[in-house]
Structures are given as C-alpha cells and as structure tokens.
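# What the coordinates show
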Amino acid sequence: MNKDRKTNLISFLIILFGFILTTGLVAFRVIDEYTAQILTIGGINVIIALGLNLISGFTGQLALGHAGFMAVGAYTTAALIMKLNVPIFPAILAGGLVSAVFGLLIGLPALRLHGDYLAIVTLGFGEIIRVIMVNLSDITGGPAGLKGIPPFTTNFFWRPVLSFALVYIFLVLVIIILNNLINSSPGRAIISIREDEIAANAMGINVFYFKIFAFTLSAFIAGLGGGIYAPFFGYLNPNMFNFQKSVEFLIIVVLGGMGNITGTVLAGFGLTYLQEILRFLKDYRLVIYPLILVLMMLFQPAGLMGFFGNKGFSLTRFVREFNPKKIFRMKNPGKAGEK
Amino acid sequence: MTVLKAENISILFGGLKAVSNFNLELKAGELVGLIGPNGAGKTTIFNILTGVYTPTSGSILLQGRNDSLQNVTKFQPYQITGLGMARTFQNIRLFKNLTVLDNVRIATHFNTKYTIFHSILRLPAFYKEEQRIKRRCKELLKIFDLEQKSDELAKNLSYGEQRKLEIVRALATNPHILLLDEPAAGMNPQETQDLMELIKFIKEKFNLTILLIEHDMNLVMGICQRIIVLDYGQVIAQGKPAEIAKNPRVIKAYLGKENENDA
C-alpha cells in the first residue's frame, strides 16, 4: 500500500518535472514557436485519438464520427466564450460535457445492437453535425466559419507557452484517466467485451452498460479536444470536421495499435509532425498516410507497439521496477557474474 | 431444496420448435446429465436457462442469493450469473488475447467492491480490492494446476488447459449452480478420467449443483446421479444412469429405428 503511494508520488513528480522542463523550453524559445505549435496540434490530435481508442481499440466498437464530437466540443466552447463570456477552463469542460451528452444519445440506441452498427450510426452523426453547423449560422457563422474566437492570451510571448501548457495538462489527465480505468476491474470488463461479447455477458459483465460508458467517455474526451482546439486555432469552419478528419483519428489509433495508449501517443505526434514536414509535397502528402498504413498492416498488423511486444510504456511500472543498484551492478560485470 | 426450476419452456426459431415443453427441476447438490443426439436442443436449453435466449413460452425459476426462488425468464445473462448460475461453453470462448489471470479476474468483476471512480482516482479501496481479487484468482488457478501459467495468454494454453480455464473462469463468478457444456469434448480417455475426478472434487469443495451436457457416455454414466435424454427438443426419458442405458426409446434415438420390413 505504502509502496503504491510512493510510486504514484514519484511518477507525479516526473510528470511535473517534464511539464516544467518542456514548458520552460517553449517559454525560452529553445523549442521555437513553429515546433511548439505542431506539438500543440499533435497533443490535441492525440487527445481525440485516445478517446477514439477507448471505444474502438479497447471496447472493440468501431466509431467513424469523432470529428463530429470534436466539432460539438469546439463550437460549444467557442459559443460559451464568445456569447456568454465564460472563462476558458469551464468552457472547455462544457464542450466535453455537451459532446458526452451527444455520445450518450447516440449510444443508447446504437449500442443495443451487436456488430458494426455503431460505425454506421457514428458515420451518419459526423455528417449530420457538419451539416447542422453549416446551417446554424447564428452560432457557428455558417459555411464562412466562425472567426475571432478569443485566444488563451493576447500576449505574443505567452501565447504559445500557454497553449502548449494547457494541452500538456489535458493530455496527461486524459492518459491518467484512461490508464487507471483500463488497468482496473471495470477496464478489464471493457476489454472483455472486445474479446468476446457473449462470454463477457455470461461472466456477469453488463455489456450494454460498459459499452455506453466507454462511448460516452470517448465522446467526452473528443469534445475536450475540440474545446481546446477552438481557442487555440481561433477559427472554426464546419468543413474542418469532415469524414476525412474522423478517419485521420482512426489511422492514428490503428497505426499506434488498437488498445494501446502509448502507441496512440507516439502515432499521434508522429503523424502530425509528418504532415507538417511533408508540406512541400502539397496534396501528394495525403498519399503518405495510406501508404504508411498499408506497410504497417503488411509488416506489423498489431500497430507500432507490436514492435515492443504490444506492451505500452507504463510510468508507474518503470518507477516501481527502477532499481539504481541493478544498473550499477550491470556496470560491474564481475560482481554480477558471481551470482 | 429446489435451486432451479424450468416449467414448460418452449422456443421457436421461425417455424422450428427447437425445444418443446421442457421441464427441469434441480435440487441442491445434484449432478444431472443432459444427453441426446446432435441437434436435440441441449445447448439451446443451456442458452435459455442462462438468458442468452428468451423462451417463447414457459418460465424459469432460479434460487437467488437470498434462498428464495425468483422468476428469471426475461433476465439478461449477466443478471443470471449474478444470481449464482455460471456456465462454460461448448466451443471454447475464452478471452484469447488476455492472460490466464485476467480471464479469471474478469469473472470476478461483478463482485468487485470498488467503482470506476475509485479506479480512476486510485483510492486505497482500489489497491486493497485488487489484492484480494488477485489472491482469490490465484487460489482458484492453483486448484486446477494453472497457477504457474497465470501470465500466459489464454490462446497459448493447450486444449485441455483451455477447457480447464473455462471451468475456473465460471467458478470465479462464485456460483452455486454450474452448467457445463460438453466439458470433455476433444479429450482423450485419460484426460476424461481426470476431468471426472475434478468435477466430483469441485462439486464437493464449492458446494455446487451441476448440470452437464456430454456425449462421452463413460463420463455421463460414471458421475451423473440422474440423466435427462432429449431428442428433437423433447424429453424422451429421464432417470438413473442404469435405467437410461436400458431404455428402448433412448437406444432408438441414439442408434436409429430398425427397418420394419427387416423385423
């Protein structure tokens, strides 16, 4: 018990140190503004992809409308900030909550059925949201888009730092929530649904409840990502949240490995960065995505983390098993050899 | 004391009456066999009893945790498991890509005494309960000699071990009635012999009432106290093993009718 607490404390300090270090690097422009911006967008993409991973990777229910949830979160946050002068933090949370309500409403009928019905329903949902956003011009600015969403701060020095810090905090929170959920009894129940729904039900797992829970949480996280996106970008257009965007998130999840948190984080940042450095290829860069996907499916169908035995990186495990003496002994092969 | 009672259950699949007017009464501590030719409706009955199918007519009464019979006809499978009736599957349905330990731990989920809230915040109750679950699952695995394999993926176990793991997983739900669907399928005579001993052992140790489907007559005749024979969805005979072995209707159902012209 005490050891667990110690492990958690050390892990927390490492995360805090990472936060101060990276934010500091951004503040002193060691990481230049351009890179910081890519990292921030990457972080937002990772957050939403993690949400998608929960329902598609861990629960095994394919969802194709996460750009729709992102849109709901983004527009809710923007409207709250612009029309009602709500502060940024509660506005982002509200974006997530409204998105979760949509998730619940869609999940209730769609998740009653077995199979790929959720994919079809979410596909429709994404498109419906986009069309609604185009036509609801009072709140969303219609097809011309919504301009002038106030940023986190107008100060040019602090702007990239604050965006980066905010995404860092939310990303870490989402990772902790997902990780703690998955590595627990309810998490195992969720994974058992992916493995065998009928057996899970027969083992006393309320399959419908956990599907709904996972999908609602997934929608909440995607809405959160959208909520951060709105003030960061300052401009929203319904066509940003098209079907292609949903597929981008799915590619991140598949590439990282279904049901692997570490993989999603790596693939999310990796693909976002790749998209930026390949800008000179213009539209041809869109070919790169599918190409990577095809190659991955041919050589490592389990995704990126398949190279590492499909085990994700766990900070707490690392801390728990980290033993300075062991490393020291390894440097003295004579001593280690004796035993 | 009656722990499970099925009254006149019938089920229709389209125009096909897969089970008609099936009656069953299980007394506490009984070991009953359900046999019949392929397609007789044995597994369908299991699926009705465990809530996978809702019967077209008839009702099922199950003894819950509070010792009184309760109507569970329209219950979902997880609710029935929660009341203490667990099952195994004819075609092995393990969580193949998870470890042996996780397979068993999943079955303890509805007995877990912490909520999602506890697990996300990693409250002390979480650590305490996780330890208890792990200890209990390891104990169960030890009984079946699977303890040292607890970190292996279920799909990497041998066939016999997978069959055993199915039983462990069902036991982890803490049942008082256990339904075994062809537990000896695909086993050699020696393995079947071991399985018989094991079934007798767990029945005593966990105070179980067992209903089992099996084609292996040695096993059925060897351990069942009572046998129910099913053909074309109807009960054609029931009684003690010795009576069943001599019953002409049973022999006819299994071996077919002699041609009347030849007789």
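Preceding this section is the structure that the text describes.
Residues numbered from 1 in each chain as written. Chains lettered and ligands numbered in written order. Predicted model: local features only at pLDDT ≥ 70, side-chain atom pairs only at ≥ 80, totals over all residues. Heavy atoms only, no water.

### Things to note about the overall build of chain B
Broken down by element type, chain B carries 10 helices and 10 strands. Over its C-alpha trace chain B gives a radius of gyration of 20 Å, about what one expects of a compact globule, namely 18 Å for 263 residues. With respect to the principal axes defined by its C-alpha atoms, chain B has extents near 75 × 40 × 35 Å. For chain B, with 263 residues in total, the buried portion stands at 54%. Once local pairs closer than 6 in sequence are excluded, the contacts in chain B between residues at least 24 apart make up 65%. Split by element, the accessible area of chain B, about 12200 Å² in all, is 48% carbon and sulfur. (Helix = DSSP H or I, 4+ residues; strand = E, 2+ residues; numbered from the N terminus. Rg over C-alpha atoms; globule rule 2.2 N^0.38 Å. Buried < 20%, exposed > 50% of the residue type's maximum accessible area, 1.4 Å probe, protein only. Contact = heavy atoms within 4.5 Å. Areas by Shrake-Rupley, 256 points an atom, 1.4 Å probe, with all protein chains shown as cover.)

### Structural notes on the overall build of chain A
When you go through chain A residue by residue, the secondary structure sums to 16 helices and zero strands. Looking at chain A residue by residue over its 339 residues, the buried ones come to 51%. Within chain A, counting contacts between residues at least 6 apart in sequence, those at least 24 apart form 78% of the total. Only carbon and sulfur atoms are counted for the fraction: they give 70% of the accessible area of chain A, which is about 16200 Å². Within chain A, the 14 negative side-chain charges are centred at a point lying 10 Å from the centre of the 25 positive side-chain charges. (Lys, Arg positive; Asp, Glu negative; His and termini not counted. Charge placed at Lys NZ, Arg CZ, Asp CG, Glu CD.)

### Points about the interface of chain B and chain A
Taken together, the 31 residues of chain B in the interface contact 31 residues of chain A. Of the roughly 2800 Å² buried at the junction of chain B and chain A (both faces included), carbon and sulfur atoms supply 63%. Of all residues in chain B, the largest losses of buried area upon contact with chain A belong to Tyr78(B), His109(B) and Ile116(B), amounting jointly to 22% of the total for that side. Here chain B and chain A share two salt bridges between them. Inspection of the region where chain B meets chain A yields 14 residue pairs in polar contact (both at pLDDT 80 or more). (Buried area = accessible area lost by both parts, 1.4 Å probe. Salt bridge = Lys/Arg side-chain N within 4 Å of Asp/Glu carboxyl O. Polar contact = N/O pair within 3.5 Å; in protein donor to acceptor, adjacent residues only side chain to side chain.)

### Structural notes on a nonpolar patch on the surface
Residues and elements named next belong to chain A. A cluster of nonpolar side chains, Leu9, Phe12, Leu13, Leu16 and Ile20, forms an exposed patch at the surface whose accessible area comes to about 490 Å². Note that Leu13 resides in helix H1 (residues 2-27). By relative accessible area, which is 46% here, Leu13 ends up partly exposed. (Patch = residues over 30% accessible without salt bridge, like charges linked within 9 Å, V, L, I, M, F, W, Y side chains within 5 Å.)

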